Amino acid sequence: MCPRPLAQLRTGLALSALTIGACASGTLPSDSGGHGGIGDSTDGDGDGDGDGDDTADDTADDTADDPACGNGAIDTGEECDSGELGDTTCQTLGFPSGSLSCDDACRFDTSNCSNCGNNDLDAGELCDGAFFQDAETCADVGLGTMDELLLCSDNCELDFSNCSGCGDGDIVAPEECEPAGEDGGKDDLAGADCESLDWEGGNLACTDSCRFDQSGCQTCGDANQSGSEACDRADFDGQVCSDYDSLTGDKFDGASLSCTDACLINASNCTKCGDGVSTGSETCDGTALVGQSCGSLGHDAGDLACKDDCRAFDESNCTDCGDGAIEGVEQCDDADLAGNDCEALGFVGGGTLACSSTTCAFDTTDCTDNTCGNGTLEQTDVCDCGNAGSPCTATQLGGNSCTDTNIPSGGQAYDGGTLACYSPSNCTSFDTTGCYYCGNGSKDSGGGATEQCDGADTGGATCISLGHAGGGDLSCNASCTYDESDCAEMQNPVLICASPNADLSDMASARSTITLAGSETVTDVDVTLDILHAWVGDVSVEIIHESTRVTVVDRPGVPDPADGSQGCSSADIDAVLGDEAADGSVEDTCDPGPGAGAAIAGQLTPNNPLAAFDGTTVAGDWTIEVTDAEPADDGMLARWCVSVAW
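Residues numbered from 1 in each chain as written. Predicted model: local features only at pLDDT ≥ 70, side-chain atom pairs only at ≥ 80, totals over all residues. Heavy atoms only, no water.

Caption draft 1: Spotlight on the sheet that holds strand β36 (residues 620-628). If you walk across this open sheet you meet the four strands as β30-β36-β32-β33, and the pairing is antiparallel. Two strands close off the open sheet at either side, each with one partner strand: β30 (509-516) and β33 (548-554). Neighbour-to-neighbour, the strand axes of this sheet turn through a mean angle of 15°, independent of strand direction. (Pairing = 2+ DSSP bridges. Helix = DSSP H or I, 4+ residues; strand = E, 2+ residues; numbered from the N terminus. Axes fitted to C-alpha atoms, helices over the stretch in contact; angles between N-to-C directions.)

This is how it looks when you write it as structure tokens:
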């Protein structure tokens, strides 16, 4: 909702009806929340990372290349430095309030700037200046009358100091506390303290508006100097370098203070040019040359000095290279190489030696020690196996082998294999393509490898190929050997069922297949049938495995003179067929009696022995084919099972 001026608010809403909203227009960058707008100070580094602002991360490389960042002076390319912000504040950056600080990349950190004070209701604000969200009078929040108007605090919270309910000694929501009375007692803080409000410590009090006074609380790193803190990030409570003495006893006169992670003032960036001590942004000071000399600055020799402003070295008395005469620490000068050449400097491949025109040091760019490919270790060679690169002798490999060489990811040597060299193109690194190690995801077999598997590569092995007739999931353990824990052993006999519910139409067949695993030899087979058909004398059943077909049901009762040679005229088959069954044969069974439920039921022998499958292999497809030989009556292959023993 958009803000409403004070004069327009007469709603009388209770506290429970207060809402927090923001107007869609006129908003400024929001602060990061927390007590007093804390950014990322909880990580202790003050780099701005923790509040979601990636400025410090994105400029980390630039900071590493800018040694001036952190010297307390704003140099070229920097927005700020330590406690030095120039004339910039949250307000000059468009924020109504808050504390601006500087991150470790010398960029402004606005995480503690706030929109409070812009006379616009932003997210999280109950009021801002003369604008209120949903409550205007003390009656609206249950702390007084309609004639008592609410105020808005500097941090955009409701101020209850005009309410008669504030100061009566009773804490009533939305009051946070009750201030001490005129008798001089203690503030009633309802058990709260700085720590319970997420500060690190300090002394909590109660304001006359029945709000917590957290000015005595402190959290080092929140860019707000408070409590016993000497400073906090860029907040030095008004102190500057000139408040502190240099080593000579004089006051510093340049640069800026910095604040430590413990919120203590650090004056090491402050400067006093002329005191003979190089501090802060000073390059040098008098004779304090911070270890530099003409030689360290690239000169031949001479006397280095410091300029009067302490900002740069005075190199006017340094001697320069290029006069054609070797002097001081010069190795050479122009064409004068002091009688040296590439071979004299140890480059066995020869070449052309030159002299640097800027440093008067030898330039060996055109010298070479490349003897790679001659089969002998020389100079920087780690290996040299001749022009072929392999095979290599132990001497050509410097005594190294695959087991002496770490894999590319480091921390682990290869397990074995054949080490080679990239000679003649490269003799400074080994060719490890012939090495192997457990964990590379590939089952290695050459070079003496003994891996059974590696990762998902089992080399084609399966649970079944390893003798687990029940199949399962074969995996590989960390030592590159098979993990057979998820493989299954098959029960003997194995009983597998299928429920195809396949339609059995007139003059047609229905088929179903069960696939078994195992390399064992079959010794016995039983078949369970659940076939729905109104006239089972029309039905024949074949079992097929490998090249063997056995007709186990052949139109029961056909021919049968009693019913005109049409076979058993009753419905359904629900029977187990086996060569050793004791309840009779399937051919002679029809309507076995009350309660049987099916025309053909019980433990019955098939029309032809199932022993025909003995001697075949358990593994493979076992197929049932059910045929309806006559029209008029349909049916269904509802369910069937095959039991195989070995």
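Caption draft 2: The nonpolar core, seen in detail. Ranked by size, the top nonpolar core spans 38 residues in total, and within it Leu-529, Val-541, Ile-573, Trp-622 and Trp-640 carry the most contacts. With sequence-adjacent residues up to four places away left out, Leu-529 is seen in contact with Val-541, Val-553, Ile-573, Asp-574, Ala-575, Leu-577, Ile-624 and Arg-639. Residues Ala-135, Val-141, Cys-163 and Cys-166 belong to the second largest nonpolar core, which totals 12 residues. (Core = buried A, V, L, I, M, F, W, Y, C linked by side-chain atoms within 4.5 Å. Buried < 20%, exposed > 50% of the residue type's maximum accessible area, 1.4 Å probe, protein only. Contact = heavy atoms within 4.5 Å.)

Caption draft 3: Fine view of the pairing of strand β34 (residues 573-578). Strand direction decides the pairing type here: strand β31 (residues 524-533) and β34, joined by six bridges, are antiparallel. Directly across from Val-527, in β34, lies its bridge partner Leu-577. Note: β34 against strand β35 (residues 600-604), five bridges, orientation parallel. Bridge assignment links Asp-574 to a residue of β35, and that residue is Ala-601.

Caption draft 4: Up close: the pattern of salt bridges. For the structure shown, the criterion picks out nine salt bridges. Between Arg-549 and Glu-542 there is a salt bridge, and its shortest N-O distance comes to 2.8 Å. Overall, the relative accessible area of 46% leaves Arg-549 in the partly exposed class. For Glu-542, a relative accessible area of 21% translates into the label partly exposed. Within the structure, one salt-bridge network assembled from shared partners comprises Arg-511, Glu-542, Arg-549 and Glu-625. (Salt bridge = Lys/Arg side-chain N within 4 Å of Asp/Glu carboxyl O.)

Caption draft 5: Quick look at the state of the cysteines. Summed over the entire model, instances satisfying the criterion amount to 27 disulfides. Covalent S-S linkage joins Cys-273 and Cys-310, the inter-sulfur distance amounting to 2.0 Å. Its torsion about the S-S bond being 85°, the disulfide of Cys-273 and Cys-310 is classed as right-handed. One end of the pair, Cys-273, is in the loop between β15 (265-266) and β16 (301-302); the other, Cys-310, is in the loop between β17 (305-306) and β18 (313-314), with 37 residues separating them in the sequence. (Disulfide = S-S within 2.5 Å.)

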